[in-house]
Amino acid sequence: MKKSIFILAASFTTLCSNAQNVAISNTNAAPNASAMLDIVSTSSGLLIPRVALTALNASGPVASPATSLLVYNTATAGTTPNIVTPGFYYWDGAKWVAFMGSGGRDWSLVGNAGTTVGTNFLGTTDAVALALNTNATERMRVLSTGQVAINSTTTFGTSTLFSAATGNNDAVDGSAAGTGAAVYGQNTGTGQGVSGLTNNANGIALYGLNLSTTGTAVFGIGQNAGGYSSTTGSGAAFSGTSIGMVANASSATGTAIRVGGQGVLTYPALAAGSGGAFAGTSFGVYGIGNTVGNGNTGGYFTNGSGSYAYVGFTLGGTAYKINGVGAVSTIVKDTKNQSVNLYCPESPEVLFQDFGTGVLVNGVAHINMDETFAKNITVNEKHPLRVIIQLEGDCKGVFVTNKTQTGFDVKELQGGNSNISFTWFVSANRADAYNEDGSLFSKFENVRFGEAPGKAAILDEKAVRVKTTELKPTENK
C-alpha cells in the first residue's frame, strides 16, 4: 500500500535526494544545500494541516504537540476562547502562539477587530519603554513607569505624568468644538492635574482661547465646588467654596494680579508692589456685596495695623459710602508747596448744611431755603433747623423765628428797623432715603451715634508653595 502511494506521488512530481537533503519539484532540481527540505514550484504552495483549536492554552485536537508544531487554525472568534481570528499558530511547548499577521496577535496597518481589553494590547511586557518614531526620529516615549514624554526621552519631573518639550511650538494644543474641555487634567494625589512651564521671556506657560463671543477661555474649580462662569463669557472663571482664586507675587515689590479692562492693554502697577493692580478707561475696580440688608459691603480695606474702612456699606439700616476708623481728610499744598492735610468736621448725627447771605430791611428779612436742600432734610419739633447768623453791620441784634423746612425769618431785637447785611449758616438732619418703589433705602434722620462695625475677620492662610524643582525640565530637546 505504501509503495502504491509513493508511485502515485511520483507520477505528479519528482522526488530527489542528495545525501540527507530532499527536494520536491517538477523539474528534477537538486535540493538546496542549505535546506533539509526544498519544495520548488512556480504555480503551487505548501498546504499546512488545518485544525480547529479549542483554546490557546490547550493542545486541543492535536495529541501531545511537539514544540514548534505548525497548524492553521480554522476556529473563529467567539467559538474558541482567547482566539481572535483564524490563522497560523505554532506550539511553544505550553500554548499556541499566533504568527505575526495571523490570529489577531499583531496590529494591522488597516486596523484590528474583535480585540479584548486586558488581553490584547499594544506595548511591552517588560520594564522597557515604548518609543514611537516618525521620519526615523523618536517623537514620543512611554516610560515603564507609565509617564509619557513628547519630543523627549524623559518627563520634566518624577511626578509628571505627561510632558512635552518644544521649541517655538505649543507644547499642548487642545480644541473642543462642543461643550467639553479642550484640555482636561485630573490628579487624585498631591500633584498637578495640568501644569505649564516655559523658560523663555516671551513664552506662555498656560494659554487658553475660546473663539466664541460668549465663551470662557480658562475655567478653574477648587474645593469640589460647582463651576460658575459669566453667561457673556470671560477670559477666566474660577470657583471655590471658600476661595475662588489665589495669586502670589514673591518679590517684595511684586504685584500679584495686574488687570486691564475696557480695552486697556497696558497694566500699570505700583513701584512698591501690591496685591492687585486694576486699570480701566472709566472704572478701575468694581465691588459689590449682593446680600440685601445689614452687614453687606462692596469693599473692605485695612492696613493690617488698626486702620480699616468699609466701602458701600450698610449697617443698622443706614447706608454708608465709607465707614471706618481714622479721619476724613484731603491733601492740599502749603506755602512751601509741601503736601499737608485738611480734615473734615464730623458729627454724631447725619446732617446736611447750607449757608448764604441776607439783608435786613427795616429790621426784617426772610430767607428761602434752596429747594433741593429743603427736599432732603427733616425739620420738625424733634429735628429743629439750626441757624447761625453773623451780622455785618451795627444794630440792636437779631433773633431767628418761623423756622420751617423751606426757610426762616430774621428780626432785629427790640423792634429795630436797621438795614444791614448778614450771613447765615444752617444745619439740618438728613431725611430718610427711599427707593423708587417706596421701600426704605436708608435711615438717617433719627441716627445719633449709630451702630459701628468692627474690624472684619481676616482669613490669614499660609501659602502652600509648589516644589518648582518637580516642574523644571530635566531634559529639553
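Details of the structure are given in the entry above.
Keep in mind that what you see is a predicted model, and the values were worked out from it rather than measured. (Residues numbered from 1 in each chain as written. Predicted model: local features only at pLDDT ≥ 70, side-chain atom pairs only at ≥ 80, totals over all residues. Heavy atoms only, no water.)

Asker: Looking at this model, I keep getting lost on the overall build of the chain. Mind explaining?
Answerer: Looking only at helices and strands, the chain has 2 helices and 29 strands in total. Across the 477 residues of the chain, 22% fall into the buried class. When the accessible area of the chain is evaluated, it comes to approximately 33300 Å², of which 54% is carbon and sulfur surface. (Helix = DSSP H or I, 4+ residues; strand = E, 2+ residues; numbered from the N terminus. Buried < 20%, exposed > 50% of the residue type's maximum accessible area, 1.4 Å probe, protein only. Areas by Shrake-Rupley, 256 points an atom, 1.4 Å probe, with all protein chains shown as cover.)

Asker: Looking at this structure, I do not really get the sheet that holds strand 10 (residues 148-150). What am I missing?
Answerer: Sheet strands pair via backbone hydrogen bonds, and the direction of the pair is either parallel or antiparallel. Here 4 strands make up an open sheet; going across it, the order is 8-9-10-11 and the pairing mixed. This sheet does not close on itself; its edge strands, each paired only once, are strand 8 (130-134) and strand 11 (162-164). Pairwise comparison of adjacent strand axes, ignoring direction, gives a mean angle of 20 degrees for this sheet. Judged from the 5 bridges that link them, strand 8 and strand 9 (residues 137-142) form a sheet pairing that is antiparallel. Bridged to leucine 132 within strand 9 is methionine 140. (Pairing = 2+ DSSP bridges. Axes fitted to C-alpha atoms, helices over the stretch in contact; angles between N-to-C directions.)

Asker: Before we go on, may I ask you to explain a nonpolar patch on the surface in this structure?
Answerer: Side chains of Ile24, Met36, Leu37, Ile39 and Leu46 sit close together on the surface and give an oily, nonpolar patch of about 500 Å² of accessible area. Relative accessible area serves as the criterion here: at 62%, leucine 46 is assigned to the exposed category. (Patch = residues over 30% accessible without salt bridge, like charges linked within 9 Å, V, L, I, M, F, W, Y side chains within 5 Å. Salt bridge = Lys/Arg side-chain N within 4 Å of Asp/Glu carboxyl O.)

Asker: Just checking my understanding: could you explain the environment of phenylalanine 422 for this structure?
Answerer: As for its position among the elements, phenylalanine 422 is in strand 27 (residues 421-430). Judged by relative accessible area, which is 0%, phenylalanine 422 ranks as buried. Measuring from C-alpha to C-alpha, the distance between phenylalanine 422 and alanine 365 comes to 9.9 Å, with 57 residues separating the pair along the chain. Contact partners of phenylalanine 422, with chain neighbours within four places excluded, come to Gly356, Thr357, Gly358, Val359, Leu360, Ala365, Ile367, Ile389, Gln390, Leu391, Glu392 and Val410. (Contact = heavy atoms within 4.5 Å.)

Asker: Honestly, the sheet that holds strand 25 (residues 398-401) in this entry has me stumped. Any pointers?
Answerer: With respect to topology, 3 strands assemble into an open sheet ordered 22-26-25, the strand pairing being antiparallel. The outermost strands of the open sheet, each flanked by one partner alone, are strand 22 (364-368) and strand 25. Adjacent strand axes in the sheet meet at a mean angle of 20 degrees when their direction is disregarded.

Asker: Looking at this structure, I do not really get the nonpolar core. What am I missing?
Answerer: What tends to happen in soluble globular proteins is that the nonpolar side chains get buried as a cluster. Core analysis: the biggest nonpolar cluster contains 19 residues, and Leu385, Phe408, Phe422 and Val426 have the highest contact counts within it. Those elements that provide at least two residues to this core are strand 22, helix 2 (371-375), strand 24 (386-391), strand 26 (407-412) and strand 27. Counting residues per element, this core draws most heavily on strand 27, which supplies 4 residues. In this structure, Val51, Tyr89, Trp91 and Trp96 belong to the second largest nonpolar core, which totals 9 residues. (Core = buried A, V, L, I, M, F, W, Y, C linked by side-chain atoms within 4.5 Å.)

Asker: I'm lost on the packing of aromatic side chains in this one. Help?
Answerer: Geometrically, a pair of aromatic rings is defined through the distance of the ring centres and the angle of the planes. Going through the model one piece at a time under the given rule, you end up with 8 aromatic pairs. Geometrically, the ring pair formed by tyrosine 308 and tyrosine 310 is edge-to-face, given 6.1 Å between the ring centres and 90 degrees between the ring planes. Just as tyrosine 308 is buried, tyrosine 310 falls in that class too. Measuring from ring centre to ring centre gives 5.8 Å for phenylalanine 408 and tryptophan 424, while their planes differ by 80 degrees; the resulting arrangement is edge-to-face. Of this pair, phenylalanine 408 sits in strand 26 while tryptophan 424 sits in strand 27, and the two are 16 residues apart along the sequence. Assessed through its relative accessible area of 0%, phenylalanine 408 is described here as buried. In textbook terms, an aromatic cluster arises when at least three aromatic residues are bridged by ring pairs, as seen for Tyr300, Tyr308, Tyr310, Phe313 and Tyr320. In this structure, arginine 430 packs its charged tip against the face of phenylalanine 444, placed 3.9 Å from the ring centre. (Phe/Tyr/Trp six-rings, centres within 6.5 Å; stacked < 30°, edge-to-face > 60°. Lys NZ or Arg CZ within 6 Å of the ring centre and 35° of its normal.)

Asker: Is there a simple way to explain the layout of surface pockets in this structure?
Answerer: Remark: the empty space left among the atoms is shown by a probe the size of a water molecule rolled over them. Of the voids in this model, the second largest pocket is the one considered here, and its volume is about 1300 Å³. Where the lining of the second largest pocket is concerned, the elements lending two or more residues are strand 17 (308-315), strand 18 (318-324) and strand 21 (351-359). The dominant element in the lining of the second largest pocket, judged by the number of residues it contributes, is strand 18, at 7 residues. A breakdown of the residues in the lining of the second largest pocket according to their chemical character gives 18 nonpolar, 8 polar and 5 charged. (1 Å grid on protein atoms, 1.4 Å probe; cavity = no way out; pocket = protein on both sides within 12 Å on 5 of 7 lines; lining within 4 Å. Points joined across faces, edges and corners; volume = space filled by probe spheres on them. Nonpolar A, V, L, I, M, F, W, Y, C, P; charged D, E, K, R; others polar.)

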